Structure formats: C-alpha cells, structure tokens
Amino acid sequence: MKKQIALILLLLAGSIGYSQTQTQTQALDCSKLKNFKAYNPDYPKRTFVVKGATQESYDNGVLQLVWSVKWISDCEYEITCVKKLGESQMEIGDRIIMTIVSIDDDCFTVKRTFYSKNFPEGDVDPGSTYCLAK
C-alpha cells in the first residue's frame, strides 16, 4: 500500500512540475521580436536590426556584419554571418543560436550559443540582455 501511495505522489509531483513548465513557456510572447531594432544596455552604441531573414549588426552607426536569420521556433532563431564589413571577431560562416528566455517590457534576455572554428561544439553565453530601440 505504501508503494502505491508513493508512486501516486511521484506521478502527481511530476505532472505538476510539467504543467508549470508548460505554462511558463506558453506565457512567453516573442511575436514583437520578429522585426525589430535592439541594443545592449552595456554597449548602447552597438545595435542590431532584424528584418525578415536578415540581421544587420552596427557599431556606432556603422554596419559591421550581415547575418542570415532562420527561425527555429517562436522564441529561438539561428543567425549565420554572411558578410563582414568591419572589425569583428566573428567570421563569415560563424553561427549563433539565440534563445529568448525572458521578456520584461521592452527588454529581453537571450541565451546565445556560438558556433565557429574555435567552438565547433558550441560555446554558451547563458544570459545577455537587449532592449528594443525606438
């Protein structure tokens, strides 16, 4: 009898945890982040603009990098560097998977995973914050 009660409690706890995760994921609305201009509050002169299937990265208003954009899900997209116009550590062919993990008003936090020659298995930056530019 004790084993049956323990099993029921275990299943109940697992289903509650699953439903909370599902609710948190469903509450994240990334629709305003499909076409936007953003900046990093720590480096406000560095901006990027996502327009459809392209992302452009600027430093002090000067275009530095052009990326192709492929949406993986509503809140996750992959960018691949297709053009390098200025000084950058990024190279053509480097990729970043951007996973939007939270949204707070006009700012959002992403987990970024970088893929390059030096990081073929990926290098994770667990949290960078960006804000929408007006």
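Refer to the preceding data block for the structure.
Here's what I pulled together on the structure shown here. Because the structure is predicted, anything quoted here is derived from the model rather than measured. (Residues numbered from 1 in each chain as written. Predicted model: local features only at pLDDT ≥ 70, side-chain atom pairs only at ≥ 80, totals over all residues. Heavy atoms only, no water.)

So, the state of the cysteines
No. 1: Per the stated rule, a full pass over the model turns up two disulfides.
No. 2: What pairs with Cys 30 in a disulfide is Cys 75, and their sulfur atoms sit 1.9 Å apart. Measuring the twist about the S-S bond at about 105°, one finds the Cys 30-Cys 75 disulfide to be right-handed. Here the residue Cys 30 occupies a position in the loop between helix H1 (2-27) and strand S1 (36-40), and Cys 75 occupies one in the loop between strand S4 (62-73) and strand S5 (76-84), the gap between them amounting to 45 residues.
No. 3: You can call Cys 30 buried: its relative accessible area is 2%.
No. 4: Of the residues examined, Cys 75 reaches a relative accessible area of 14% and is grouped as buried.
No. 5: Residue Cys 107 pairs covalently with Cys 131 via a disulfide, S to S 2.0 Å. Between Cys 107 and Cys 131, the disulfide has an S-S torsion of 95° and is therefore right-handed. Taken together, the positions of Cys 107 in strand S7 (residues 107-115) and Cys 131 in strand S8 (residues 123-132) put the pair 24 residues apart, joining distant regions of the chain. (Disulfide = S-S within 2.5 Å. Helix = DSSP H or I, 4+ residues; strand = E, 2+ residues; numbered from the N terminus. Buried < 20%, exposed > 50% of the residue type's maximum accessible area, 1.4 Å probe, protein only.)

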